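Here's the letter readout for the chains.
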Amino acid sequence: MKEFLTDLTIGGESISMRLLMKFTYRGDKYAAFTPVQSANSSEEEEIALARVLKNDGGKCYEVITNDDGDEIFAEFERRYEKKISGNKPLTTLEYQRLNWFQRILYKFKQFFVGIPKWFAKKFVKLGLKIKDFGISVWENIKDIGTTFKKGSWKTRVSYLVMGFGNLTHGQWLRGLLFFLFEAAFILYMVFWGGAWLGKFGSLGTVATIEEYDPILDVYTTVHVDNSFKILLYGLITIFFIIAFIYTWRLNVKQCRILDEITASGKKIKTSKEDVQSLADDEFHKTLLSLPVFGIVMFTILPIIFMILVGFTSYDYEADGYNNLFTWVGLENFNQMFTFGSQLSLAFGEILAWTLIWAVFATFSNYFLGMFVAMLINKKGIKIKKFWRTVLVMTIAIPQFISLLYVSNLFADNGIVNATLMNWGWIDKPISFWGDGTLAKVMVLVINIWVGIPYLMLITTGILMNIPQDLYESAQIDGANAFQQFCKITMPYMLFVTGPYLLTNFVSNINNFNVIYLLTQGGPPHFAWGDVGGYIAGDTTILITWLFGITTGSEANYKMASVIGTMIFIVVSVLSLIIFTIMPSTRREEDFS
Amino acid sequence: MMNERIENGEVFEFYGSETKTVESNIEMEVAENFTPEYTDIFVAQTDTLSTSTTAVANKGRVSQKTKNRVVNIVIHIVLAVLCFVWILPFIGIVLESFRCESTGLAGYLIPKQWGFDNYARLFTFQNGLFLKWYGNTFLMGIVTAVVQTIFQLSVAYVLSRFRFNGRKFLMNLILVFGMFPGFLTLILLYTWMHDWNLTDANAPYGLMIIYVASSGMGYYIAKGFFDTISKSIDEAARVDGATRLQIFFKLILPLSKPIVIYTILMGFMGPWGDFVMATFMANNASAGYNVAAGLQWLITDSMKNDYYTTFCAGGVVVAVPITVLFLLLQKYYVAGVTGGAVKG
């Protein structure tokens, strides 16, 4: 039984009331809650309660029967308990009185005030998770023990020979797969895996040895260890071992189930039925197998590998082949963040520019794109379809063509400079890409040129969805165009496109094309010197820096890894903040 | 509306249901914001109407009309200028691709001597290297379109319709790893592909694998679309004895034509615009370039003077088919993009 405090609006008045909620757990996963009315609740309060359940409950039920009942419980608790304790949040009515700017400010404040508590909660949650994990491991071990004790001899043999239980119970397909997996694992570990894993701790000791060739009478260089391969295959071996433990556990569990089914005299699923169910109840396994395998091998494994590289000394000199690299702990991160060093200076300034760029690029495109869409949507504008088609056409043309061309338009001897000189407006060419500040402005402006058609396209449909009678009644009430925009269009757009803004912001942080194709990250910023084997420039953002470091002749992989990890941290932290304060994602109940 | 996102991974689901209620929100908002003034203004308006003569009222209406007309004309001019600015670079590329008198940067748009020299040079450049790039990219586009569509739709369908252990874990995993810059993986993947001889001159084959392997991570838009298809259709079919496989192929896919076409279109267009991966995987072996990497090579500083107009011709040859295809399927693109924007 839990008690919650909530704000309810009854007849225009905000009333704080206590809600008693009873959470019932069904089985181990599903939960449902029912309201418990207090004995002295008035009729009004009961109506309000009914309304809460109608507004809130409908969806909660839906989600609760979905996945994790506990999550919902925690979420519900968080939402209402927050109101009881600490930082006095506004009531619904007070919040409604704020204008949108104040609302955002308020959310900012709420967010930052809430940070310590959030951390505390996450910390506790983490502790609980670890506890749960520990318990589940212990339960599993216990279960393995009891299965062995109580199981039939077939089950006990399966502990050593995987799939034996399945095979003897007639499930030859499963049994065979288990057995083959075990055989493959043992062969791999004996012939390769063990060796890779053994060197994983040191990443190799001997790079090359000189070997005497008695026939030719020369010494030849023979490569022995390869740090890169050791790191990679060591990691794959670890993945493999985890997969093996999981499969072994699955095998034991299946044997137990088979024992139980035999004891109860029911029919065991045949291999034919197994195959059939892959197209039916287990269809998700069929559909997911390849895509998930691809994601694991081509995204997750490489990314974990690259994160690990950040803790080694891997670069063009210590390439792992001619010269071995080794674990260095946090040294690379230290180097990056030692206050006052060139690298940390460059990192700070590049990060700042990356964020400025992402904010400007996102919002300038957003508002201007919306503006253009509104211009085209306006009543009385002819050939709307033509205007749209012209703009949409520019999306179709691959960016590298348009951007490379535009970059040359503004080159020192490009058309823009030549034309301006012809007209006598300037004496010598303006160096659009040679001056740091000018280059930054140019990049932002050209990005607007690139981005407006997309935003026009996205917002057009949504703008047309806004009910026209809202505008008409607003006009009757004497609202001018600007007021209409602020009070009707903006809230609606922010609400609907909030998530798009976020994804757009994140993709702008990693917007390689616009920056690289226009400026290659230049003009060079020599004050930073050679940062990670690469001369970074004024318009360099983190991702082009990463590209420069990796592709240069003095490739510095360890720093690339550090930068990549930093990009991840920046992106995830910002996503979290934006998700928390975005009107459409949080405290949305206050909007209604 | 009290429903919030439960966890990052779940966020995308919620927009589907939330957007439906937007209308009422806004209405309430507006009602609240405007009711106080409503009565005052209404009174004021009736006052003016009663005191003024009809002639004055008519005059006011006329001036309002002319004002509107002026505004509309201004907007038309603005739009014309905007469209001109947007289309200018493309006109420029086409014009410069016909320039015969010089091959470098010229400083003027309209050629003094017109001809197809640049196109001839383009197709004969290093024994038809451009055709090789074009073929590479086309092949990658086709393969990516097919496999990526299968992968993305599979993942989207499963995450939309099935509830199984580890579903949320999978979604969170994809979300978290999606926040790393994808470029980071290339350092390892290059070495890997190099071992199988799928880099440098063979880069297109390696790239193909890389493009499609992780494409399941981009399931969001298709999932948002599947979520809007009522689950009762599935249930009815289940009652009638259809397997999940049959439901997917015979019911859901035919209903999802726009998103299928959108996914195919995106898959096909991806390799034409990819510059980073293509450059990295080809590692200066020009036979392994795609059009983006190849054409960019033509206007690097050392080549620019001889091949700038050739680059323009190449741009036209690449852009025209893509643009035509895009305009033909524009409807589906808009459906996908706007759907994605609304649902995350």
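The structure presented is a predicted model; accordingly, all values stated were derived computationally and were not measured.

Conventions adopted
- Think of each chain on its own: its residues are numbered from 1, step by step along the sequence as written.
- Ligands are numbered from 1 and chains lettered from A, in the order in which they are written.
- Per-residue local features are limited, in this predicted model, to residues with pLDDT of at least 70; the limit for side-chain atom pairs, both in listing and counting, is 80 or more; totals at the level of whole chains, interfaces and linings are taken over all residues.
- Side-chain numbers come from the whole structure's heavy atoms, not from hydrogens or water.
- Only DSSP runs of H or I reaching four residues or more are called helices, and only runs of E reaching two or more are called strands; each is numbered from the N terminus.
- Think of it in three bands: with a 1.4 Å probe and only protein chains considered, a residue is buried below 20% of the maximum accessible area for its type, exposed above 50%, and partly exposed in between.
- Here a residue-residue contact requires only that any non-hydrogen atoms of the pair lie within 4.5 Å.
- Here the Shrake-Rupley method, with its probe set to 1.4 Å, supplies the accessible areas, and only the displayed protein chains count as covering residues.
- Relevant arc is that of directions from the helix axis to the C-beta atoms, nothing else.
- Here, a salt bridge means any Lys or Arg side-chain nitrogen found within 4 Å of an Asp or Glu carboxyl oxygen.
- Here, strands pair whenever DSSP counts at least two bridges between them.
- Any two of the Phe, Tyr and Trp rings considered here, Trp counted by its six-membered ring, make a pair once their centres fall within 6.5 Å; the pair's planes then place it as stacked at under 30 degrees, edge-to-face at over 60, or tilted in between.
- Remark: a charge is flagged as sitting over a ring if the NZ atom of Lys or the CZ atom of Arg is within 6 Å of the ring centre and within 35 degrees of the ring normal.
- For every element, the axis is a line fit to its C-alpha atoms; helices are fit only across the contacting stretch, and the angle between N-to-C directions ranges from 0 to 180 degrees.
- To sort the angles, those under 35 degrees are grouped as roughly parallel, those over 145 as roughly antiparallel, those from 65 to 115 as roughly perpendicular, and the leftovers as oblique.
- Throughout, a crossing is termed right-handed when the near helix is turned clockwise from the far one, and left-handed when it is turned anticlockwise from it by less than a right angle.
- Patch membership is restricted to residues that have no salt bridge and whose relative accessible area is over 30%. Joining uses 9 Å for like charges and 5 Å for the nonpolar side chains Val, Leu, Ile, Met, Phe, Trp and Tyr.
- To form a nonpolar core, buried Ala, Val, Leu, Ile, Met, Phe, Trp, Tyr and Cys residues must be joined to one another through side-chain atoms within 4.5 Å.
- pLDDT: the predictor's confidence for each residue, scored from 0 to 100.

Some remarks on the overall build of chain A
Item 1. Along its length, chain A carries 21 helices and five strands.
Item 2. The 592 residues of chain A split such that 48% are buried.
Item 3. Look at the contacts in chain A between residues 6 or more apart in sequence, and 61% of them connect residues 24 or more apart.
Item 4. As displayed, chain A has an accessible area near 29100 Å², and 66% of this comes from carbon and sulfur atoms.

Focus: helix α17 (residues 468–476) of chain A
All names here are of chain A.
Item 1. When we look at burial in α17, the residues that qualify are Leu470, Tyr471 and Ala474. The buried residues of α17 occupy one face: seen down the axis, they fall within an arc of 95°.
Item 2. Positioned one or two residues after α17, Gly478 has a phi angle of 90°, which is positive.

A word on the pattern of salt bridges
Item 1. Applying the stated criterion across every chain, the model contains 14 salt bridges over all chains.
Item 2. Ionic pairing is found between Asp274 of chain A and Arg174 of chain A, a salt bridge with its closest N-O pair at 2.7 Å. Of this pair, Asp274 of chain A sits in helix α9 (residues 271–277) while Arg174 of chain A sits in helix α7 (residues 172–200); the two residues are 100 residues apart in sequence, bridging distant segments of the chain.
Item 3. Classification of Asp274 of chain A as buried rests on a relative accessible area of 9%.
Item 4. Taking the relative accessible area as the measure of exposure, Arg174 of chain A reaches 24% and is therefore partly exposed.
Item 5. Here Asp195 of chain B and Lys229 of chain A are joined by a salt bridge, their closest N and O atoms 3.7 Å apart. Placement of the pair is Asp195 of chain B in helix α7 (residues 186–195) and Lys229 of chain A in helix α8 (residues 227–264), with the two residues belonging to separate chains.
Item 6. Assessed through its relative accessible area of 26%, Lys229 of chain A is described here as partly exposed.
Item 7. It is possible to trace a salt-bridge network through shared partners that takes in Asp143, Arg249, Arg256 and Glu260 of chain A.

Quick word on the pairing of strand β5 (residues 218–223) of chain A
Item 1. Pairing geometry for strand β4 (residues 208–213) of chain A and β5 of chain A, over six bridges, is antiparallel. By the bridge assignment, Thr208 of chain A is partnered in β5 of chain A with His223 of chain A.

Here's the deal with the packing of aromatic side chains
Item 1. Scanning all chains against the criterion turns up 64 aromatic pairs over all chains.
Item 2. Ring centres of Phe347 of chain A and Trp545 of chain A lie 6.4 Å apart, and the angle between their planes is 40°; on these two criteria the pair is classed as tilted. Of this pair, Phe347 of chain A sits in helix α12 (residues 342–377) while Trp545 of chain A sits in helix α20 (residues 542–551); the two residues are 198 residues apart in sequence, bridging distant segments of the chain.
Item 3. On the basis of relative accessibility, which here comes to 5%, the residue Phe347 of chain A falls in the buried class.
Item 4. When the ring centre of Tyr108 of chain B is taken as origin, the NZ or CZ atom of Arg99 of chain B, which lies over that ring, is 5.8 Å away.
Item 5. Over the ring of Phe162 of chain B we find Arg244 of chain B, and its NZ or CZ is 4.5 Å from the ring centre.

Describing unusual backbone geometry
Residue and element names in this part refer to chain B.
Item 1. The backbone of Asn197 sits at a positive phi, close to 60°, despite the residue not being glycine.
Item 2. In this fold, Asn197 is placed in the loop between α7 and α8 (203–213).
Item 3. Of note, Asp200 is a non-glycine position whose phi angle comes to about 55°, a positive value.
Item 4. In this fold, Asp200 is placed in the loop between α7 and α8.
Item 5. On the basis of relative accessible area, Asp200 is assigned to the partly exposed category, the value being 22%.

Observations concerning the packing of helix α16 (residues 436–465) of chain A against helix α19 (residues 512–519) of chain A
Residues and elements named next belong to chain A.
Item 1. Following both chains from N to C, one finds α16 and α19 inclined at 125°, their axes separated by 10 Å at the closest point. By the criterion of interaxial angle, the relationship of α16 to α19 is oblique. For the element pair α16 and α19, the recorded crossing hand is right-handed. The residues of α19 that touch α16, namely those facing Val443, Ile446 and Asn447, are Val514, Ile515, Leu518 and Thr519.

So, a nonpolar patch on the surface
Item 1. Where nonpolar side chains cluster on the molecular surface, the patch consists of Leu160, Val161, Leu167, Trp172, Leu176, Phe179 and Leu180 of chain A and spans about 680 Å² of accessible area.
Item 2. The greatest single-element share of the nonpolar patch, amounting to four residues, is contributed by α7 of chain A.

Some words on the side chain of Thr247 of chain A
Residue and element names in this part refer to chain A.
Item 1. By the element assignment, Thr247 lies in helix α8.
Item 2. We classify Thr247 as buried; its relative accessible area is 14%.
Item 3. With sequence-adjacent residues up to four places away left out, Thr247 is seen in contact with Met162, Phe178 and Phe181.

Regarding the environment of Tyr366 of chain A
Residue and element names in this part refer to chain A.
Item 1. If you trace the backbone, Tyr366 turns up in helix α12.
Item 2. Spatially, the C-alpha atom of Tyr366 lies 57 Å from that of Ala183, the residues being 183 residues apart in sequence.
Item 3. For Tyr366, the contacting residues outside a window of four places in its chain are Leu455, Met490, Met493, Leu494, Thr497 and Leu501.

Quick notes on the environment of Met456 of chain A
Residues and elements named next belong to chain A.
Item 1. Residue position: Met456 is located in helix α16.
Item 2. Each C-alpha atom of the pair Met456 and Lys253 lies 56 Å from the other, and the pair is 203 residues apart in sequence.
Item 3. Excluding residues within four positions of it along the chain, Met456 makes contact with Gly369, Val372, Ala373, Ile376, Arg388, Leu391 and Val392.

Let's talk about the nonpolar core
Item 1. Among the nonpolar cores identified, the biggest contains 215 residues, and Phe305, Trp357, Trp433 and Trp545 of chain A together with Phe130 and Tyr157 of chain B are the most heavily contacted of them.
Item 2. If we skip the residues at most four places from it in the chain, Phe305 of chain A touches Phe228, Leu231, Leu232 and Leu235 of chain A together with Leu188 of chain B.

Section: the packing of α8 of chain A against α7 of chain B
Item 1. α7 of chain B packs onto α8 of chain A with a crossing angle of 95° between their chain directions and a minimal axis gap of 12 Å. Taken together, the axis directions place α8 of chain A and α7 of chain B in an arrangement best described as roughly perpendicular. Residues Phe228, Lys229, Leu232 and Ile236 of chain A of α8 of chain A pack against Ile187, Leu188, Thr191, Trp192 and Asp195 of chain B of α7 of chain B.

Some details on the environment of Thr540 of chain A
Residues and elements named next belong to chain A.
Item 1. With respect to the helices and strands, Thr540 occurs in the loop between α19 and α20.
Item 2. Sequence-wise, Thr540 and Leu290 are 250 residues apart; in three dimensions their C-alpha atoms are separated by 37 Å.
Item 3. Thr540 has contacts with Ile350, Trp353, Gly521, Tyr534 and Trp545, leaving out every residue within four places of it along the chain.

Here's the deal with the confidence of the model for chain B
All names here are of chain B.
Item 1. Summarising the model, chain B shows a mean pLDDT of 79, and 80% of its residues fall at 70 or more.
Item 2. The element-level mean pLDDT for chain B is lowest in helix α1 (residues 11–18), coming to 36, with helix α5 (residues 129–161) highest at 93.
Item 3. Contacts from residues 1–53, a stretch scored under 50 in pLDDT, to residues over four places away or in other chains number 101 contacts.
Item 4. Per the prediction output, this complex has pTM 0.76; the corresponding ipTM is 0.77.

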